[in-house]
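This is what each chain is made of:
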Amino acid sequence: MPGPVPVPASRAATTDPAQLARAERVLLSLRHSRRELHLGVREAAKLAAEAVKWLERGLSESDLRHALLAERPKDGVRSAVGFLRHRLIQKLPEPPIQHAPHERPPLPGLVECSGPGEPHLFRPLFGESECPSCRRTAAEAEPEPEPLPWRERVARINGAPTASPADA
C-alpha cells in the first residue's frame, strides 16, 4: 500500500493540515456515490486545496459533497479530475459577509422622578419625566369612563345623531 502523498510546500504553508485531510476525505468518498467520480489518492491530494476553500467559507463536508454530486452532465463525466476541478473553482460560494459589530447607543443618565412620593431616580428610555411605577399608579387612580349604552355606540360607529330616551 502506498505511503502518504507529499503535499507541496507552498500549499502546506497556507492550509491547515486537518482541513486538507477533511477535503481529501470528501473527495475520496465521492466514489461511493458515483463510480464515475472515482479519484486516486494523488488526484484527491491535488484537488484538496481547492476543496479547502469551500470548507473555509463555512460549508460542512456534507454540503461540499452534495455540491460536487449535484447536477452532473447528462452525457456523464469523462474525467473525474477535470469535472471536479471545474466544479470546485467555478461553483465556489461567495465568502461570508463580515458585518460590523453592532454598537449600542449610550445609556441615558439617571433622572429624578417628578411623580408623587419620595424623590427617587430612574433611567428614562424615551424622555419621560416619571418613572414607570408612578405612571402606573397615576393610570390606576384615574376613574374608568362610564360605558356607553349599545345604541349610542352603534350610532357613533354609523355616524348617525344619537336620540335621547326622552325623545322617544
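Further up the page is the structure itself.
Small disclaimer: the values here were computed from a predicted structure and weren't measured.

The rules behind each value
Residues numbered from 1 in each chain as written. Predicted model: local features only at pLDDT ≥ 70, side-chain atom pairs only at ≥ 80, totals over all residues. Heavy atoms only, no water. Axes fitted to C-alpha atoms, helices over the stretch in contact; angles between N-to-C directions. Helix = DSSP H or I, 4+ residues; strand = E, 2+ residues; numbered from the N terminus. Parallel < 35°, antiparallel > 145°, perpendicular 65-115°, else oblique. Left-handed = near helix turned anticlockwise from the far one by under 90°. Contact = heavy atoms within 4.5 Å. Nonpolar A, V, L, I, M, F, W, Y, C, P; charged D, E, K, R; others polar. Salt bridge = Lys/Arg side-chain N within 4 Å of Asp/Glu carboxyl O. Buried < 20%, exposed > 50% of the residue type's maximum accessible area, 1.4 Å probe, protein only.

**Student:** What should I look at first to understand the packing of helix 3 (residues 41–56) against helix 4 (residues 61–69) in this one?
**Tutor:** To describe two helices that pack against each other, one gives the angle between their axes and the distance between the axes. Running from N to C, helix 3 and helix 4 cross one another at 125°; their axes reach a closest spacing of 9 Å. As judged from the angle between their axes, helix 3 and helix 4 are oblique. Classified by chirality, the crossing of helix 4 by helix 3 is right-handed. For the pair helix 3 and helix 4, contact is made by A51, W54 and L55 and by E61, L64 and A67, respectively. Taken together, the residues of the contact of helix 3 with helix 4 break down into five nonpolar, no polar and one charged.

**Student:** How should I be thinking about the pattern of salt bridges in this particular structure?
**Tutor:** Pairs can form between side chains of opposite charge once their charged atoms are near each other. Enumeration over the complete set of coordinates arrives at four salt bridges. Between K53 and E50 there is a salt bridge, with its nearest N and O atoms 3.2 Å apart. Taken as a pair, K53 and E50 lie in helix 3 at a separation of three residues, close to a single helical turn. Accessibility expressed as a relative area gives 36% for K53, which makes it partly exposed. Judged by its relative accessible area of 21%, E50 is partly exposed. A salt bridge links R135 to E128; the nearest nitrogen and oxygen atoms lie 3.9 Å apart. Judged by its relative accessible area of 36%, R135 falls in the partly exposed class. Residues joined in a network through salt bridges with shared partners are R22, R25 and E61.

**Student:** Teacher, can you tell me more about the environment of V81 here?
**Tutor:** Along the chain, V81 turns up in helix 5 (residues 80–90). A relative accessible area of 17% means that V81 is categorised as buried. Along the sequence, V81 and L47 sit 34 residues apart, while their C-alpha atoms lie 7.8 Å from each other. In this structure, V81 is in contact with L39, E43 and L47, ignoring residues within four places of it in sequence.

These figures come from the coordinates and say nothing about function on their own.
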